[in-house]
Each structure stands twice: as C-alpha cells, then as structure tokens.
Amino acid sequence: MVHDIKGAGAHGVIGALKDALTLDRRQERHGQDVSDAHHPALTSSFPKAVRVQRRVVGGCFYCCLMGNYFQTVVDLDATHADARTLADTGLDWLVREGIVRAELTDCVLGAPSGHPPGPSWAKAVGQEDWEPSDGLRIETGRTVFNCGQGEPRFAVCPHCAGRADFCTDRLEEIEGAWEPFGEAIEAWSDTGSAAVACPHCRRSGDLTAWTWSDGYFAFGYLGFEFWDWPDFSPGFLEGLSRALGGHRMVLMGGKL
C-alpha cells in the first residue's frame, strides 16, 4: 500500500518509488511515456518531496534486483544560483584528471545518459576491487538526496544531540514520530527552507543541520552520482572539494 509521506514516513516514500519504478520498466518495454503523470502514486495528490526523491534515485529500485552500487557526492555549500556553474567546474576537473570522459553515453541508471569512466578512473578509488561498469550522472537543482534502499531509523538534533527515533528496537514504527520530519522535507523541497523542533530540547533546528542514521538524507543543489564504482578514497573527495572552492562534501551510497 502507498501512503502519504506525512502519515507513514519513509515507508510511504519507498513504497511509492518502488511501485513507480516497476511501472516504468513495464512502460519502457512497450515504448510508452514514463512521466510522473502516469504513476498513480506520484500524481499531484502526493507531495513534491516524494516526486523529488524519485527523481534523485530514479532507477534505484530497478537496479535493486540487479545488485548495483551507487555513490553520490553531495556539495552541501552549492546554492540554486551557482549549482550549474559548479557542476561544470566539477566535471571539468574530473575530465582533466581522467576520472570520467567528457562525452555522454548510455552508462547510468535512471537517466538517458551520463559520463563514462575515464582512463584514470582508479585515481578516485581506494582499492581497485573492480573496473567501473557504469558512469557519472550530475544532479543539479534543489534535491532531497537519499540512500535509496531502506529508510532512516532516527535523526539527531543539531542542538542537544538527542535522537528522534522513528522506530523501536524491534523496528516497529513509532506513531507520530516521523510526521514533523516528513512535513519539513516537503517544505524544504518547496521553498529551500525548513526546521524541525527537537522532541527532547524543544529547540527548532534547521532541517539541513540534522544528521541521520546511516547518513540517509542530504539536502542540496548539486550531487555527483556514480554507478557501480569501487569505494572512493578520501583523497578523491578532498580533490573534488578543492576543485569546487573548498566546499563541504558528503558521500552517500549503498548497494541496491
């Protein structure tokens, strides 16, 4: 069953996306349009936050069956105004380093094209466990980045470090715990600004300052999404950060 994000937390988001991607695959096989308008779970009755997350991880639930890996490097300091310029700067650096190629090919999931691995792709990874089979997709615009598989178990207050738990130790959903966060995510998706009151200290904290179990969410305007690459090295992340003016970067990823 598909639920509203306010009523069922991350459960509703994940269920909606999974249903949508299943329909995507069916429609693509028959040459049909796969726009959001064709997904009952993603029509205007659902909040924008859900549709944004589908755009971010489009293809994740399809690749779940295939066992694909993804890593997304999110620039936490990029803004709406400079995201595209920074995306070009970051891509230029990646191409100069030989990590990806400049040309666009069919090499990423959830998008028509991306940048394939370059001749020096190994400079980006810690160990050459395997050669990348897919490429880079650059995401710009206000985006709720997430890890795709699973869901957050808790969030940590930026003021008191208290945990706002969304489920019990037995992974049973705590009624009402997710609602303020779901509403804040929707508000941030619409406006770029939102806050959540901590259930412990009662202070209101900027949504983007909260931290999440397993680093599940990141909120930003620029992300470099790599598919099926070995784990990145700290040096690669530092180099990309320097190329982008010393911006704060966060690495998200998982196996789907």
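Scroll up a little and you will see the structure.
Conventions we followed
- Residues numbered from 1 in each chain as written.
- Predicted model: local features only at pLDDT ≥ 70, side-chain atom pairs only at ≥ 80, totals over all residues.
- Heavy atoms only, no water.
- Helix = DSSP H or I, 4+ residues; strand = E, 2+ residues; numbered from the N terminus.
- Buried < 20%, exposed > 50% of the residue type's maximum accessible area, 1.4 Å probe, protein only.
- Contact = heavy atoms within 4.5 Å.
- Pairing = 2+ DSSP bridges.
- Core = buried A, V, L, I, M, F, W, Y, C linked by side-chain atoms within 4.5 Å.

(A) A look at the overall build of the chain. In terms of regular secondary structure, the chain is built from seven helices and nine strands. Across the 256 residues in the chain, those meeting the buried criterion constitute 49%. A fraction of 69% describes how many contacts in the chain between residues 6 or more apart in sequence connect residues 24 or more apart.

(B) Molecular detail of the environment of Cys147. Assignment of secondary structure puts Cys147 in the loop between β2 (136-146) and β3 (154-156). Sequence separation between Cys147 and Thr72 is 75 residues, and the spatial gap between their C-alpha atoms is 8.7 Å.

(C) Layout of the sheet that holds strand β4 (residues 163-165). Strand order across the open sheet formed by three strands is β4-β3-β7, with antiparallel pairing between neighbours. With one partner strand each, in any of the chains shown, β4 and β7 (211-212) form the two edges of the open sheet. With two bridges joining them, β3 and β7 adopt antiparallel strand pairing. By the bridge assignment for β7, Val156 is matched with Thr211.

(D) Summary view of the nonpolar core. Counting 27 residues, the largest nonpolar core has Phe181, Leu207, Trp210, Trp212, Phe217 and Phe219 as the members making the most contacts within it. Among the secondary structure elements, those contributing two or more residues to this core are β2, α6 (179-191) and β8 (217-227). The next biggest cluster of nonpolar side chains, apart from the first, holds 21 residues, and it includes Ala78, Leu86, Val125 and Leu136.

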